[in-house]
Structure formats: C-alpha cells, structure tokens
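As a plain string of letters, each chain reads:
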Amino acid sequence: MPVDAVPDAYSFDVDADHALELVVERERDGDAEADAETVRVFEAWPSGGHAGSRLARVLDAVGEPSGDPGALDGARVALEARDGAYRVDVDGTQRLHERATPTSVDTHSLAEVAIAAGALAGSLAFFLAWTAVAWAAGPLFVAAALVLAGSLGFDAWRTRDAAWTPRLLPWAAAGAVPVLNVAVAVAYLARKAVAVDAPEDAADIWRDLLVAAVAAFAVGLALAAFDLTFPVGATVFAHAWALAPVAVYLDGRSGRHGRNRPRRAPWLAGAVVFGGAGALVYLLRTDGLQ
C-alpha cells in the first residue's frame, strides 16, 4: 500500500514509499483466556533487501527468507505500543523465538533415512503397478504414505535452522498423498541438505530442483515409449510430473526473484496440467527469457 494510506494517527514512522500492512491477533495482557484483539501494524516495504532492515530481521527471527513477507502468515511476533498504536518489536520477536526453540537442530538425522526409504518404497509401488506383481503395489503405497507422513512431520518438527524452519503440517500432509509424497520427499531432502551442508546455495535450490524435474520428465517420457522400459519410464515420468508443481510453488515463494516475484497461481496451474513442460516454460520466463 502507498505510505500515504497509513493512518495519520499511527505513532510510528514508516520510512519508505510503500508500507506493508500486517494484521496481528494480539493476546490481551494478563488474560490468556480472553479473545485476542485484532490490531494493524505497518512496516516499510520494500525493505531494500538489506539484512539489517526491520522487516528482514523479523523474517529472520521466525526462520523465513528476507524476501518473503507472506511467510509471516501464522507466525508469532512480539509487539510494542505507543499512543494506542502497535508495531512489531524486532528484538522482542527474536527473543521470543529463541525461547520457543531452545533445542534447535540444524543437522542431519535418522528421520531423513526413513524419508528416503519411504520415497523409494513409493517409487517401487508405482513401478510394480505396471508389472505382473501389481497386487503388491497397494500395500506398498499405503506403507510409503504412512512412513513419509510420519518421518516428514517428525523431521520438520525437530529441524530449526537459522535460514530454514520447515512447518510440520504441510510436509506431513503432503507425505500422505501417494505419488505426490515421493516428489515432496525429494524436495524436502534437497532443501534440508542445502540448509545443513551448503547454506550459501539456498537461494537456488528450488531452481535446481526444477531443472532436475524437467530433465526427469523428458527422460521418463522417452523411456515410456518402449515396451521393455515402459514401467521404469512411467515411474520416472509420473514422479517428475508430480515434482514440477511442487518445485514451481516453492521457487515462486523463495527470495531469489527479489522484487520481481512471479505470480504463483497461473504458473502452478501450468505445472499441474503440463508437468515438466509447464516447469520448463516457468524456468525460461523467470530466468531472463522474456
């Protein structure tokens, strides 16, 4: 919103041409059971991309990339008051999240082994569905869904990294959906590996995953053209198709695009409908081919 739209009565300075309006459910002091009070706070936007800006520091405190203010949805922040107005208390928010995650974990875990095993089981189930032992595919799909939902949820719950803190519910829920769960497992393991081993590459991980999805989509399509390799080709093709919208969605909300963030909804729809072909067009358009 234009900074001129900020109410004149707002007591805090918003030093920018535009402001970001945040709606916060404020807990009433001294009464945890009372209904929350809805307050509006305003922050300078864009923040200029500076790591030291107020908004960037708030996003960092809640474990989200600095270029994604939408990631504050559902986040818990501290407030400071002045003359009946409120704004985010940056230092208070940092302290709040330091207390909330005292047992931070930013290392690999055995849960990742379970995630990888679940992904392999899900892929094998799809492969078996095209063979003479198709009867084994159903139980294996169920087992993979249970393993992936549990292991993804557990690892997301225990992972607290300075640059990436995954949310438990979305990862666990996606892990319960056959075929999609294999793609989600691949995406999760790739992001976790970067967070732990190469945080400097975090900005490009979803683009790299998109490239992999496009390549796998093409390879799977080629293999599926021959009777001998059809089961393998169909397995690769289907999971690459599922990975394409996952990667498009995650890349679209990442900070690598800066202020020129793509409109996620149409690109996501394109990847859902056209799979790797839609992801290829997304890559060409967002990486400079206008």
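Up top you'll find the structure we're talking about.
What you see is a predicted model, and the numbers here were worked out from it, not measured in a lab.

**Let's talk about a nonpolar patch on the surface**
A cluster of nonpolar residues, F154, W157, L168 and L169, forms a patch on the protein surface that exposes about 450 Å² of accessible area. Within the residue set of the nonpolar patch, elements represented by two or more residues are α4 (137-158) and α5 (168-175). Along the polypeptide, L169 turns up in helix α5. According to the relative accessible area criterion, L169 is exposed, its value standing at 64%.

**What to know about unusual backbone geometry**
A positive phi angle, near 70°, is found at V179, a position not held by glycine. Secondary-structure assignment places V179 in the loop between α5 and α6 (180-197). Judged by relative accessible area, which is 21%, V179 ranks as partly exposed.

**What about the packing of helix α3 (residues 110-128) against helix α8 (residues 230-252)?**
The contact between α3 and α8 brings their axes to 9 Å, and the two run at 130°. When the axis of α3 is compared with that of α8, the two are oblique. In the packing of α3 onto α8, the handedness of the crossing is right-handed. Of α8, the residues touching α3 (which contributes G122, S123, F126 and F127) are P231, V232, A234, T235, A238 and H239.

**Details of the pairing of strand β4 (residues 85-88)**
Within a regular beta strand, the side chains point alternately toward one face of the sheet and then the other, so they alternate between its two faces. Inspection of the sheet shows strand β3 (residues 79-82) paired to β4 by four bridges, in the antiparallel sense. Counted as the bridge partner of R82 is A85 from β4. Hairpin connection from β3 to β4: two residues lie between these consecutive antiparallel strands, with D83 at a positive phi of about 55°.

**Things to note about the nonpolar core**
Judged by nonpolar contacts, the single largest core of 35 residues is most densely connected at L152, W171, Y188, L209 and L210. Elements with a contribution of two residues or more to this core: α3, α4, α5, α6, α7 (205-223), α8 and α10 (276-286). Broken down by element, this core gets its largest block of residues, nine residues, from α6. For L210, the contacting residues outside a window of four places in its chain are A244, A247, V248, D251, A279, Y282 and L283. V6, F12, F42 and Y86 belong to the second-largest nonpolar core, a separate cluster that totals 20 residues.

Rules of the game
Residues numbered from 1 in each chain as written. Predicted model: local features only at pLDDT ≥ 70, side-chain atom pairs only at ≥ 80, totals over all residues. Heavy atoms only, no water. Patch = residues over 30% accessible without salt bridge, like charges linked within 9 Å, V, L, I, M, F, W, Y side chains within 5 Å. Areas by Shrake-Rupley, 256 points an atom, 1.4 Å probe, with all protein chains shown as cover. Salt bridge = Lys/Arg side-chain N within 4 Å of Asp/Glu carboxyl O. Helix = DSSP H or I, 4+ residues; strand = E, 2+ residues; numbered from the N terminus. Buried < 20%, exposed > 50% of the residue type's maximum accessible area, 1.4 Å probe, protein only. Axes fitted to C-alpha atoms, helices over the stretch in contact; angles between N-to-C directions. Parallel < 35°, antiparallel > 145°, perpendicular 65-115°, else oblique. Left-handed = near helix turned anticlockwise from the far one by under 90°. Contact = heavy atoms within 4.5 Å. Pairing = 2+ DSSP bridges. Core = buried A, V, L, I, M, F, W, Y, C linked by side-chain atoms within 4.5 Å.

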